[in-house]
Amino acid sequence: MEYLIQQLINGLTLGSIYGLIAIGYTMVYGIIGMINFAHGDVFMVGSFIALAVFLILTTVFGFTFLPIVLLLVLVVSMIFTSAWGWTVERLAYRPLRGSFRLAPLITAIGMSIVLQNFVQITQGARVKPLPPQISGGVQLMEGSTVTGAISVQLSYMQMIIIGLTFVLMVGFSLLIAKTPLGRAQRSCEQDQKMAALLGVNVDRTISLTFVMGAALAAVAGMMFLLLYGVVDFYIGFLAGVKAFTAAVLGGIGSLPGAMLGGLLIGLIETFWSGYFSVEYKDVAAFSILAIVLIFMPSGLLGKPEVEKV
Amino acid sequence: MTSTDNQPANLNRPEGAQVKREERLAAPNRPTGRPGSSAHPLAAALKDSVIAALLVAVLGFFFFAIRTEIAPGGLDVTTRWMLWIVSILVVFFGRLLIQVFILDEQSRGLKIAVSAALVAALTAIFVINSSPGDRIGSVIFGVLIGLAAVGLVAAFAHFRGNEKAASSIAVPGLGKWLGRALFVFALVLPFFFTYFFPARDRQFIDLAILIMTYIMLGWGLNIVVGLAGLLDLGYVAFYAVGAYSFALLSTHYEFIGFWVALPLAGILAAFWGVILGFPVLRLRGDYLAIVTLAFGEIIRVVLLNWYQFTGGPDGISGIPKPTLFGLEFKRGEGGFADFFGMDYDSIQRFIFLYYIIFVLAILTNIITMRLRKMPIGRAWEALREDEIACRSLGINTTNTKLTAFATGAMFGGFAGSFFATRQGFISPESFTFLESAIILAIVVLGGLGSQIGVVIASVAMIGGIELLRNLDFLQAVFGTGFDPTQYRMLIFGLAMVLIMVWKPRGLVSSREPSAVYKEKKTIGADMVAQGEGH
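The structure presented is a predicted model; accordingly, all values stated were derived computationally and were not measured.

**What about the overall build of chain A?**
In step 1: Scanning chain A for helices and strands turns up 11 helices and 4 strands.
In step 2: Compactness check: chain A gives a C-alpha radius of gyration of 20 Å against a globular reference of 19 Å for 309 residues, within 12% of the reference.
In step 3: Overall, the C-alpha framework of chain A stretches about 65 × 50 × 35 Å when taken along its three principal axes.
In step 4: Counting only residues that meet the buried cut, chain A has 52% of its 309 residues in that class.
In step 5: Counting only contacts in chain A whose residues sit at least 6 apart along the sequence, the fraction spanning at least 24 positions is 74%.

Encoded structure:
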């Protein structure tokens, strides 16, 4: 029982990270109907920027008060990663708008290769370890099993991740639902041509969608860095595919769906590694992707798609 | 919730409407000289370049200027301000050159002024970086590099102008003759290299084998992506199935050699093609792509973790070499050289391997070309163009998709077992997603559905990457620690993006219809909305 609850907490933490990345996929898919394959690598870029900012603040400027440092890291890495997201859209996707459907998918794959290798060359291929910064936690319950005592821990790190994800989710839902930008996004999602005729700057709205996705990916990147303490140039691929799975599972195009899907994928992955085998946890995630797409292409919260001639 | 805007609308437009549509959509992005604006002609170009440079300053700050190093007792930060500044300047002047020469063509005087500024700036960078001893050398060097950059851009602008004028004159049958010439060259290639480059023939033939393997894989994938319009991101799975089935069969059963295992590997791969193809039949373009990617990764992870069966990350070694009717390519009694009374030379085995893959690749091509003329091939192409129309005309789309998947997979399996026998060792490392992306890039950049395009793209991409290994002179420019090979995937990715943006229809963007009514005429591939695959 204790083991189960511990796995549940771990799964929710991992799921929050996946959910934040998945929002980037789902927003882009909703608005221009393409899979932004490079989004996972934007997440990776975000965690590298977070690492650099953190090191500069602590070693060069000598800040020691952790909450301020983390807040600064969060803000700076969101801004700089957004610039990357914007550039990717501007270079690889905007020139191909209106081209045939597979063209942007192929430049997206190219962009993903470019980002991975750019980071590998400029920052080195070795895994960068960061010692745990936030230690400690709350002990929720204690019990004993045949192998020994077992306790359920909710660490402060996990609290921060789940809390921050919740705050960001609420914020972004409000942004989409209430602000003029959100209205422009929803209108572009429905009909770009009509939105343009009514005075919505479609290109700008799409760019801002990429920027928002990249900012959330930066938050996820920072959380990943603090939670696992290691980054390398290759983390984007797996995280990206899993987050995409989450977006599809929740129903692509739907914001709460992406979050729900992220949490589910995180839970499934954690329980799979906890109860079956760690080696095949990626197979579990990939199989879910295939099964969902085949039997339930519109996902849990998505609207079914109508095929028109 | 998809953008229904840019898919089915094209289907009932008249010919060429797609082109017009693309032109219209591209129009707002084209910089236009604002009539009536009294600003200096250079002002807009300068502003644009400054913005580009600022963007690079922001993007590059945490990657060029800052580097996190693993130091004893944790991580450390090192700075590289020079690299950061140089990257900003390079982008600034590069953008300015492109603006002045290509996008927003300016007068000759301006061009010369911008070029002079560029050369001066480059020289200054080199002079600051050099030691006092070789000031003169660095001045000469800066001037030369600057002039080379200007020349490159100017030549491109010139070529572009010419291309616009010449594009209307198509040389009939050029593709056919190019194909024949390439075929003849490929036929005599090993002897060409052993005769003209005896010192490096082994290296060249090895490269030719590699390129040939990718051509074969490209042709195999072309059936699925180019003809049937189903985007497959997990093609490497079938390559892996072919390689592993040959490796496992030959290491478990003594009597199974390459020639027995080859058809078996093809059949097994085709079988897997059907198994993996069956569930994904209902999916549309990009969903299909992601599911095939997932399947490819599942197969790789299973190969990696099923230690008892596949050897896990250690892979399988000791895979037998192919024989020529039982003759082994070995030294001494009973070998190939001994049987024909020649002197033994290790190059003979390479030439033999080359001809195996050559024949396999040509077979792939011939079978594909024949299939295209048969009902099944026509059904594939019809499926690519419009699935709904296909269904209403009574074509069984399930069977059509499955045969495309199986045929493509079979050729992937053949290529896989050739790969296993050539390497003598395989491990899951060789079958990553990157490999799928490379094969797909070859097919797409060559022009979907174009056979000769695949050849050109493989030679350019694989050969071009290998060329990087030999660019030793770059070490003289960028210092001795400079290793051009670590840039190969970066350049590969950039090429994928740039070629796609420049020519979304691929390098060879024309294709001939296989089904002909009265007379044959080439349709520019840009006339057809292809690869919808929904």
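Text resumes after the structure shown.
**Quick word on helix H11 (residues 281-295) of chain A**
In step 1: Between its first and last C-alpha atoms H11(A) spans 21 Å; for 15 residues at 1.5 Å apiece the expected length is 21 Å, and the two agree.
In step 2: Taken together, the buried positions of H11(A) are Asp282(A), Ala285(A), Phe286(A), Ile288(A), Leu289(A), Ala290(A), Val292(A) and Leu293(A).
In step 3: Buried residues along H11(A) sit against helix H9 (235-250) and helix H10 (255-275) of chain A together with helix H10 (285-305) of chain B.

**Quick word on the nonpolar core**
In step 1: Counting 223 residues, the largest nonpolar core has Leu289(A), Val291(B), Ile357(B) and Met496(B) as its most contacted members.
In step 2: In terms of residue count, the dominant contributor to this core is helix H8 (residues 202-228) of chain A (17 residues).
In step 3: Looking at which domains feed residues into this core, each of domain 1 (41-163) and domain 2 (187-527) of chain B supplies at least three.
In step 4: In this structure, Val291(B) is in contact with Leu289(A), Ala290(A), Leu293(A), Val280(B) and Leu283(B), ignoring residues within four places of it in sequence.

**Re the environment of Ser16(A)**
Residue and element names in this part refer to chain A.
In step 1: With respect to the element layout, serine 16 can be found in helix H1 (residues 2-32).
In step 2: Between the alpha carbons of serine 16 and isoleucine 161 there is a distance of 7.1 Å; along the sequence they are 145 residues apart.
In step 3: When sequence neighbours within four positions are dropped, the list of residues in contact with serine 16 reads Ile161, Ile162, Thr165 and Gly262.

**Description of the interface of chain B and chain A**
In step 1: With 63 residues of chain B in contact, the opposing surface of chain A contributes 68 residues.
In step 2: Tallied by class, residues from the side of chain B that touches chain A come to 40 nonpolar, 14 polar and 9 charged.

**Looking at the UniProt feature "transmembrane region" (unreviewed entry) in chain A**
Residues and elements named next belong to chain A.
In step 1: When the UniProt feature table is mapped onto this chain, "transmembrane region" (unreviewed entry) is found at residues 12-35, 42-62, 68-88, 100-119, 156-177, 206-227 and 284-302.
In step 2: Helix and strand shares over residues 42-62 are 90% and 0% respectively, and the end C-alpha atoms of the span are 28 Å apart.
In step 3: Secondary structure content for residues 156-177 is 100% helix and 0% strand, while the C-alpha to C-alpha distance between its ends is 31 Å.

**Some points on the packing of helix H5 (residues 156-178) of chain A against helix H6 (residues 180-190) of chain A**
Angle between the axes and distance between the axes: these two values describe a pair of packed helices.
Residue and element names in this part refer to chain A.
In step 1: At a minimum axis distance of 5 Å, the contact between H5 and H6 shows a crossing angle of 70°. With respect to H6, the element H5 is oriented roughly perpendicular. The segment H5 lies against H6, with Leu175, Ile176, Ala177 and Lys178 engaging Leu181, Gly182, Gln185 and Arg186.
In step 2: Residue composition of the contact of H5 with H6, grouped by class: 4 nonpolar, 2 polar and 2 charged.

**Concerning the environment of Val501(B)**
In step 1: Secondary-structure assignment places Val501(B) in helix H20 (residues 488-502).
In step 2: Spatially, the C-alpha atom of Val501(B) lies 32 Å from that of Ile366(B), the residues being 135 residues apart in sequence.

**Observations concerning the pairing of strand E2 (residues 74-79) of chain B**
Residue and element names in this part refer to chain B.
In step 1: Here strand E1 (residues 66-71) runs beside E2; their pairing, made up of 6 bridges, is antiparallel. Its bridge partner lying in E2, isoleucine 66 is registered against threonine 79.
In step 2: Linking two consecutive strands that pair antiparallel, namely E1 and E2, is a turn of 2 residues; a positive phi of about 80° is found at glycine 73 within it.

**Some details on the packing of H1(A) against helix H2 (residues 39-60) of chain A**
All names here are of chain A.
In step 1: Between H1 and H2, whose axes approach to 10 Å, the crossing angle comes to 135°. On the basis of their axis angle, the class for H1 and H2 is oblique. Here H1 and H2 pass one another in a crossing that is right-handed. Two secondary-structure elements touch here, H1 through Ile21, Gly24 and Tyr25 and H2 through His39, Gly40 and Phe43.

**Section: the environment of Val188(B)**
In step 1: Within the element layout of this structure, Val188(B) appears in helix H6 (residues 174-196).
In step 2: Classification of Val188(B) by C-beta neighbours within 10 Å gives exposed; the count is 10.

Rules used in this analysis
- Residues numbered from 1 in each chain as written.
- Chains lettered and ligands numbered in written order.
- Predicted model: local features only at pLDDT ≥ 70, side-chain atom pairs only at ≥ 80, totals over all residues.
- Helix = DSSP H or I, 4+ residues; strand = E, 2+ residues; numbered from the N terminus.
- Rg over C-alpha atoms; globule rule 2.2 N^0.38 Å.
- Buried ≥ 20, exposed ≤ 12 C-beta atoms within 10 Å, placed from the backbone.
- Contact = placed C-beta atoms within 7 Å.
- Expected span 1.5 Å × (residues − 1).
- Core = buried A, V, L, I, M, F, W, Y, C linked by C-beta atoms within 7 Å.
- Domains from an automatic or database assignment.
- Nonpolar A, V, L, I, M, F, W, Y, C, P; charged D, E, K, R; others polar.
- UniProt positions renumbered as here; feature names shortened; annotations may be inferred.
- Axes fitted to C-alpha atoms, helices over the stretch in contact; angles between N-to-C directions.
- Parallel < 35°, antiparallel > 145°, perpendicular 65-115°, else oblique.
- Pairing = 2+ DSSP bridges.
- Left-handed = near helix turned anticlockwise from the far one by under 90°.

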